[in-house]
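# Descriptive analysis of the structure
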Amino acid sequence: MSEKGRVIVVTSGKGGVGKTTTSASIAAGLALKGKKTIAIDFDVGLRNLDLIFGCESRVIFDFIQAIKGECTLHQAIIRLNIKDTDGRTTEGKLFMIPASQTRDKTHLDLVEVGAIIEKLREEYDYIICDSPAGCEDGALIAMHYADEAVVVVNPEISSIRDSDRIIGHLDTNTVLGKAGVKMPQNLLITRYNAVDEKDMIPMEEIQNTLRVGIIGVIPESKEVIASSNVGLPVITKQNNPVGQAYADVVERILGNDVPLRFLANNKKGFFRKLFGG
Amino acid sequence: MSYIRFKGGMTTITNIVIEVAIIDKVKEEISDFHAKAPSLLKGMPIVLDFADVEVQSDFVKEVVDTIKSYGAIPFGLKGQIQIESIASLLNLSYLGNSNSNKAKRVKSEENTSDDNSLSADSKLEESNAEIEVPKTKIVNGQVRSGQQIYARGCDLIVLGNVNNGSEVLADGNIHIYGALKGRAMAGLRGDDDAVIFANNFDPEMVVINGDYKVKETISSESINKQVIVTKTENTINIETVI
């Protein structure tokens, strides 16, 4: 590989907004597009990413053990073979490192995590860091080495407020931020209900408050929970709007300009303005 | 050539004026101040002004230690002449009595008005001296929830929003080119003439030198408008700019 891998942190501040769902779908989506991708679960003590990937039973070693040298890095990596409804597979392209369930976030060490990320950059095209909730050490370490951030936000006041706080940390408490470089940040609005739009905080207001570009809007759907429960990233459901919306997000991460879908009709004008389409 | 140079300079220093010599109350108020603006006291040079309050050296030492414990650097004392010996005991400078300073200044002004040639001389001297213009602090972007920006000894300009849960403070004026949704405190160290300008006004709180208005007490007419916040005689005024 000529170029080093790109580190993307999926973060939000608030819990339950869809970070893990998003991490799993973006990682799987990039792998389905042929990019060698690894997802790291930083939520030490509240291990979830392996459940969404349906590989809980295959977890032997974990991220903390790899950090502490209790196993090799490769022993902690799980290879995943996931198939989507269009028949594409992630064969040989999708990997993950599970979090430790028995330790807590105090075991994450900034320098040691940095060494692991550097090793992974040599081997993978994309490294997806699934951040824990909160704005303490766990979340700060997950974002520290990122080249880019996906900030997951629900159209709801506390989520927007927490995202604002997290974006402040992305700007100041990361390698890029400390070097005075503006980290590319993308807003991903999840659980967007196009039917009851009037009950949500309007997208203009989210954009005005956070002043960060929107990389996607994921509609609210039961399919998200249904997929999680069977251990499949929802992006594999290419016959469902949620899966298609995540596929669009992956396209945009790869630099392809695709229009936003699954919004109520009256919002089209606004997005056309936003993306100049 | 000389290797060092002694240069006169005017620097703004925060004075903490002790009004009553009750140590618990003093400690409590310093602690309250620190709770409101945790980063403010850190490294801040401070002069303790006891004005005309009668104090013992134990009391002064305790106040000095309290201020130090919050990271501030007390370096001088003001007050009646007996403070001088306490200052030397604590290895601090004695800077005279602020009340008598004021009296002296008025007197010298009277003198110059009597003697025109002297005033012309002193004016010339002034114009030759190096004038240090305080530099405005500029924030090129958003101030986000949990962030606190302090423009020490100068004005503050924020090009983006001051979001909910954030705080901007300045010893001078505050200009916000985006929306003010958090807290803004101007004239922090005793300037009643400081103003706060916001392009889109929807604050949690605005403060000018200790007097404040919270959102509940702000008329809805000025919300989301371009406004200028000023203070006259302990009252905060909010005017929309047309």
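Residues numbered from 1 in each chain as written. Chains lettered and ligands numbered in written order. Predicted model: local features only at pLDDT ≥ 70, side-chain atom pairs only at ≥ 80, totals over all residues. Heavy atoms only, no water.

Further remarks concern a nonpolar patch on the surface. On the surface, a nonpolar cluster with roughly 510 Å² of combined accessible area is contributed by Y3(B), I4(B) and F6(B). Relative to the assigned elements, I4(B) resides in the segment before β1 (14–17). (Patch = residues over 30% accessible without salt bridge, like charges linked within 9 Å, V, L, I, M, F, W, Y side chains within 5 Å. Areas by Shrake-Rupley, 256 points an atom, 1.4 Å probe, with all protein chains shown as cover. Salt bridge = Lys/Arg side-chain N within 4 Å of Asp/Glu carboxyl O. Helix = DSSP H or I, 4+ residues; strand = E, 2+ residues; numbered from the N terminus.)

Attention shifts here to a negative patch on the surface. Residue and element names in this part refer to chain B. Judged by side-chain charge, E19, D24, E28, E29 and D32 come together as a negatively charged surface patch. Structurally, D32 can be placed in helix α1 (residues 23–36). With a relative accessible area of 40%, D32 lands in the partly exposed category. (Lys, Arg positive; Asp, Glu negative; His and termini not counted. Charge placed at Lys NZ, Arg CZ, Asp CG, Glu CD. Buried < 20%, exposed > 50% of the residue type's maximum accessible area, 1.4 Å probe, protein only.)

Our next topic: the sheet that holds strand β7 (residues 185–192) of chain A. What holds strands together in a sheet is hydrogen bonding between their backbones, with the strands either parallel or antiparallel. All names here are of chain A. The strand order across the open sheet built from eight strands is β3-β4-β2-β5-β1-β6-β7-β8, with neighbouring strands paired in mixed fashion. The open sheet terminates on both sides in strands that have one partner only, identified here as β3 (78–80) and β8 (213–219). When strand polarity is set aside, the average angle formed by the axes of neighbouring strands in this sheet is 20 degrees. Both strand β2 (residues 37–41) and strand β4 (residues 94–97) contribute to a ladder of four bridges, which runs parallel. What sits directly across from I40, in β4, is I97. In the packing of helix α5 (residues 110–123) onto the sheet, contacts are made with β1 (6–11), β2, β4 and β5 (126–130), and the angle to β5 comes to roughly 145 degrees. Strands in contact with helix α11 (residues 241–253) are β1, β5, β7 and β8; relative to β8, the strand with the most contacts, it is inclined by about 165 degrees. (Pairing = 2+ DSSP bridges. Axes fitted to C-alpha atoms, helices over the stretch in contact; angles between N-to-C directions. Contact = heavy atoms within 4.5 Å.)

Residue and element names in this part refer to chain A. In this structure, F42, F63, I97, L108, V113 and L120 are the most contacted members of the largest nonpolar core, which totals 51 residues. Excluding its chain neighbours within four sequence positions, the residues that come into contact with F42 are F63, L108, V113, I117, C129, D130, S131, P132, I141 and A142. V17, I78, V150 and V249 belong to the second largest nonpolar core, which has 36 residues in total. (Core = buried A, V, L, I, M, F, W, Y, C linked by side-chain atoms within 4.5 Å.)

Glancing now at the sheet that holds strand β4 (residues 93–94) of chain B. Residue and element names in this part refer to chain B. Read across the open sheet, the four strands follow the order β1-β2-β3-β4; overall the sheet is parallel. Each of the sheet's edge strands pairs with one partner strand only, and the pair in question is β1 and β4. The pairing of strand β2 (residues 45–49) with strand β3 (residues 73–78) spans five bridges and is parallel. By the bridge assignment for β3, P45 is matched with I73.

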